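Descriptive structure summary
Residue strings, one per chain:
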Amino acid sequence: MLSRQMRAVSSRAPVARTPCIIALPPLRTYGQPASTPDSKPPVAVYGLDGTYASALYTAAVKSSSLETVSKSLTALSEVFKKDKQLPIILTAPTLSVGDKSQIVQELQRHMGGQDRGDTVKNFLKTLADNNRLGILEGVCEKFSTLMGAARGEVDLTITSASKLDQKTLQRLETAVAKSEYSQGKKLKVVPKVNPDIKGGLIVEVGDRTIDLSVSSKITKMNKLLTDTL
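Residues numbered from 1 in each chain as written. Predicted model: local features only at pLDDT ≥ 70, side-chain atom pairs only at ≥ 80, totals over all residues. Heavy atoms only, no water.

1. As for the overall build of the chain
A tally of helices and strands in the chain yields nine helices and four strands. When the 229 residues of the chain are sorted by exposure, 38% land in the buried category. Within the chain, counting contacts between residues at least 6 apart in sequence, those at least 24 apart form 74% of the total. Just so you have it, the chain exposes about 13300 Å², and 54% of that area is on carbon and sulfur atoms. (Helix = DSSP H or I, 4+ residues; strand = E, 2+ residues; numbered from the N terminus. Buried < 20%, exposed > 50% of the residue type's maximum accessible area, 1.4 Å probe, protein only. Contact = heavy atoms within 4.5 Å. Areas by Shrake-Rupley, 256 points an atom, 1.4 Å probe, with all protein chains shown as cover.)

Okay, here's the thing in structure tokens:
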């Protein structure tokens with residue numbers, strides 16, 4: 001796995017960290033002039049990973065590489081799914097400049113040559129220079145949200161205590177698609193697993209949440225008992 005190839009770099013002596021930069025000044029390396037209003041992200045995504053995802057979306061539109069960038073980040077998302085140790089490696093405080101350069105090269109290799117315009121390569125260097133490789137997984141998720149919105153899709157996030165089979169996910173998708181929650185738009189199913197909910201489901205459609213989890217019911221019951229006593 002990718003994390004095994006990088007594990008050695010995380011054990012080196014700590015080095016001084018450079019100041020955190022949110023404004024992404026290195027984006028000038030994309031060298032593309034502003035062209036059309038279409039370069040603006042279709043929806044707002046929040047958090048530091050959302051800021052970087054939005055900047056990458058804008059850069060990709062301006063360089064006419066949106067689809068190839070999307071495919072590259074999808075490939076990276078698959079790497080994160082298969083290698084649970086990768087986020088730990090990327091957030092290691094012991095990474096030197098050389099270590100981060102090696103990591104960027106390994107990440108590029110896993111994109112399968114889809115980054116033809118080097119847009120993602122430059123972006124990964126930006127993350128590395130700003131000590132932000134640790135947010136890459138979140139950037140991939142937020143960029144997927146932006147692409148879905150650009151295609152007229154709405155995220156249907158289904159969180160369960162254990163992994164759901166494909167048949168169950170399809171039944172849930174069909175049920176939500178027929179409800180008012182879908183707003184008549186195409187749904188993009190995003191399954192997540194969170195053992196902390198103990199059972200049941202948490203269904204998120206766009207900005208609406210339906211909490212049917214066991215943990216939520218326990219919390220409500222505890223509150224009811226506390227208020228009564």
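2. A few points about the nonpolar core
The nonpolar side chains of a soluble globular protein tend to be buried, and buried together. One finds Leu-73, Leu-124, Leu-127, Leu-136 and Phe-143 to be the most contacted residues of the largest nonpolar core, which totals 34 residues. Sorting the residues of this core by element identifies α2 (47–62), α3 (66–82), α4 (86–90), α5 (97–109), α6 (119–129) and α7 (136–150) as the ones contributing at least two each. Dropping the residues within four chain positions of it, Leu-136 is found in contact with Leu-76, Phe-80, Leu-90, Leu-107, Leu-124 and Leu-127. Membership of the second largest hydrophobic core comes to nine residues, among which are Val-154, Ile-158, Val-176 and Val-205. (Core = buried A, V, L, I, M, F, W, Y, C linked by side-chain atoms within 4.5 Å.)

3. Digging into the pairing of strand β2 (residues 186–193)
For a regular strand, side-chain orientation follows a simple rule: the groups alternate between the two sheet faces. Relative to β2, strand β1 (residues 153–160) runs parallel, the two being bridged by eight bridges. Bridge pairing links Ile-158 to Pro-191 in β2. Taken together, β1, helix α8 (residues 166–177) and β2 constitute a β-α-β crossover, and its handedness is right-handed. (Pairing = 2+ DSSP bridges. Right-handed = clockwise from strand over helix to strand, strands pointing away.)

4. Observations regarding the side chain of Ser-72
Structurally, the position occupied by Ser-72 is in helix α3. According to the relative accessible area criterion, Ser-72 is buried, its value standing at 0%. Among the polar contacts made by the side chain of Ser-72, one reaches the main-chain amide nitrogen of Asp-115 at a distance of 3.5 Å. If near-sequence neighbours (up to four positions away) are discounted, Ser-72 is found in contact with Met-111, Gln-114, Asp-115 and Val-120. (Polar contact = N/O pair within 3.5 Å; in protein donor to acceptor, adjacent residues only side chain to side chain.)

5. What about the packing of aromatic side chains?
Between two aromatic rings, the relevant description is the distance of the centres plus the angle of the planes. Applying the stated criterion to the full structure yields two aromatic pairs. With a centroid separation of 6.3 Å and 70° between ring planes, the pair formed by Tyr-52 and Phe-123 is classed as edge-to-face. Here Tyr-52, found in helix α2, pairs with Phe-123, found in helix α6; they are 71 residues apart in sequence, far enough to count as distant. Like Phe-123, Tyr-52 is buried. Ring plane angle 55° and centroid distance 6.1 Å describe the contact between Tyr-57 and Phe-143, whose orientation is recorded as tilted. Remark: Phe-143 occurs in helix α7 and Tyr-57 occurs in helix α2; sequence separation between them is 86 residues. Note on Phe-143: relative accessible area 1%, which makes it buried. (Phe/Tyr/Trp six-rings, centres within 6.5 Å; stacked < 30°, edge-to-face > 60°.)

6. Focus: the environment of Ser-215
Mapped onto the elements of the fold, Ser-215 is located in helix α9 (residues 214–228). Expressed as a C-alpha distance, the spacing of Ser-215 and Gly-200, which sit 15 residues apart in the sequence, is 8.5 Å. What Ser-215 contacts, discounting residues up to four positions off in sequence, is Asp-196 and Ile-197.

7. With respect to the environment of His-110
With respect to the element layout, His-110 can be found in the loop between α5 and α6. With a relative accessible area of 28%, His-110 lands in the partly exposed category. Between the C-alpha atom of His-110 and that of Leu-76, which follows or precedes it by 34 residues, the distance is 6.9 Å.

8. Side note on α5
Here α5 is 13 residues long and its end C-alpha atoms lie 19 Å apart, about the 18 Å a rise of 1.5 Å per residue gives. Among all positions in α5, only Asp-99, Lys-100, Ile-103, Val-104, Glu-106 and Leu-107 are buried. Projection of α5 onto a plane perpendicular to its axis shows the buried side chains occupying an angular sector of 165°, all on one side. What points out from α5, more than 90 degrees from its buried face, is the exposed set Val-97, Gln-105 and Arg-109. (Expected span 1.5 Å × (residues − 1). Arc of directions from axis to C-beta.)

9. Quick notes on the confidence of the model for the chain
Across the chain, the average pLDDT comes to 84, with 83% of residues at 70 or higher. Confidence, expressed as mean pLDDT per element, reaches its minimum in the chain at helix α1 (residues 2–6) with 65 and its maximum at α2 with 96. A low-confidence stretch, residues 13–35 stays under pLDDT 50, and its non-local contacts, those more than four residues away or across chains, total 35 contacts. (pLDDT = per-residue confidence, 0-100.)

10. Points about α7
Compared with an ideal rise of 1.5 Å per residue, which puts 15 residues at 21 Å, α7 spans 21 Å between its outermost C-alpha atoms and is within 8% of the ideal. At the C-terminal side of α7, Gly-152 shows a positive phi close to 80°.

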